[in-house]
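Given next are the chains, with one letter for each unit.
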Amino acid sequence: MPIMNGSFMYAADLVRACKFDSDMIFVNAKSYRGMQSEDLQIETIDTDIKGRHIIIVEDIIDTGKTMNGFINYLKTLEPESISITTMLMKPNALQFFDLPSDYVGYHIPNDFVIGYGLDYDGYGRTLPDIYQLVKEE
């Protein structure tokens, strides 16, 4: 279950590497505009996930606000289990310490990054690598 739009490149690489059959349900959830946090927005999931094992595919977990809200929403749909894989995690920014971090690619510092699906207001998402965004003074 990739959280779009940021995780699409990571999700595509995961699907190509997996040797088992699975369904993909794409969903939009976000709590950032630029570098600023805002209220969580979640697109309703139309697929019945009751009793299913769900792996959330996320590009980055920093404070955990988006993921915490999304997991709480998913629990109302009664899946059998919920796991998370995230390409990047910022442990120093994490505010929701009870989040499961089942499969973490890399722990990174609390810097704003773009590329490989990650963006800054829509820019940088298609860069093939990950870069730290430096804010001009």
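Residues numbered from 1 in each chain as written. Predicted model: local features only at pLDDT ≥ 70, side-chain atom pairs only at ≥ 80, totals over all residues. Heavy atoms only, no water.

Asks: Would you take a moment to explain the side chain of Asp-59 for this structure?
Replies: For Asp-59, the position within the fold is in strand β4 (residues 53-61). For Asp-59, which is buried and forms no salt bridge, the nearest opposite charge comes from Arg-125, at a distance of 5.3 Å. In this structure Asp-59 touches Gly-6, Ser-7, Thr-86, Met-87, Leu-88, Gly-117 and Leu-118, once residues within four positions along its chain are discounted. (Helix = DSSP H or I, 4+ residues; strand = E, 2+ residues; numbered from the N terminus. Buried < 20%, exposed > 50% of the residue type's maximum accessible area, 1.4 Å probe, protein only. Lys, Arg positive; Asp, Glu negative; His and termini not counted. Salt bridge = Lys/Arg side-chain N within 4 Å of Asp/Glu carboxyl O. Contact = heavy atoms within 4.5 Å.)

Asks: What's the story with the pairing of strand β5 (residues 81-89) in this structure? I'm lost.
Replies: Each regular strand displays side chains that alternate between the two surfaces of the sheet. Most of β5 sits out of view: 7 of its 9 residues are buried. Looking at chain direction, β4 and β5 are connected through 8 bridges and run parallel. In the strand pairing of β5, Ile-55 is matched with Ser-83. Regarding the hand of the β-α-β motif, the stretch spanning β4, helix α2 (residues 65-75) and β5 is right-handed. (Pairing = 2+ DSSP bridges. Right-handed = clockwise from strand over helix to strand, strands pointing away.)

Asks: Which parts of the structure should I look at to understand the sheet that holds strand β6 (residues 103-107)?
Replies: Paired through their backbone hydrogen bonds, the strands of a sheet run either parallel or antiparallel. The strand order across the open sheet built from 3 strands is β4-β5-β6, with neighbouring strands paired in parallel fashion. Each end of this open sheet is capped by a strand with a single partner; those strands are β4 and β6. Recorded for the sheet is a direction-independent mean angle of 20 degrees between the axes of neighbouring strands. Examined bridge by bridge, β5 and β6 share 4 bridges and lie parallel to one another. Counterpart to Leu-88 in the pairing with β6 is Tyr-106. (Axes fitted to C-alpha atoms, helices over the stretch in contact; angles between N-to-C directions.)

Asks: Explain the pattern of salt bridges to me, please; I cannot follow it from the model alone.
Replies: Two side chains that carry opposite charge are able to pair once their charged atoms sit near each other. Tallied over the full model, the rule gives 4 salt bridges. Residue Arg-125 pairs with Asp-119 through a salt bridge whose shortest N-O separation is 2.9 Å. Take Arg-125: its relative accessible area is 16%, and that puts it in the buried class. Look at Asp-119 and you get partly exposed, because its relative accessible area is 22%.

Asks: How should the packing of aromatic side chains be read in this particular structure?
Replies: Two aromatic rings, taken as a pair, are described by how far apart their centres are and by the angle between their planes. Inspection of the entire model under this criterion finds 2 aromatic pairs. Measuring from ring centre to ring centre gives 6.3 Å for Phe-70 and Tyr-73, while their planes differ by 35 degrees; the resulting arrangement is tilted. With a gap of 3 residues between them, Phe-70 and Tyr-73 both fall in helix α2, about one helical turn apart. In this structure Phe-70 comes out as buried when scored by relative accessible area, which is 1%. Ring geometry for Phe-112 and Tyr-120: centres 5.9 Å apart, planes at 90 degrees, overall edge-to-face. Assessed through its relative accessible area of 21%, Phe-112 is described here as partly exposed. (Phe/Tyr/Trp six-rings, centres within 6.5 Å; stacked < 30°, edge-to-face > 60°.)

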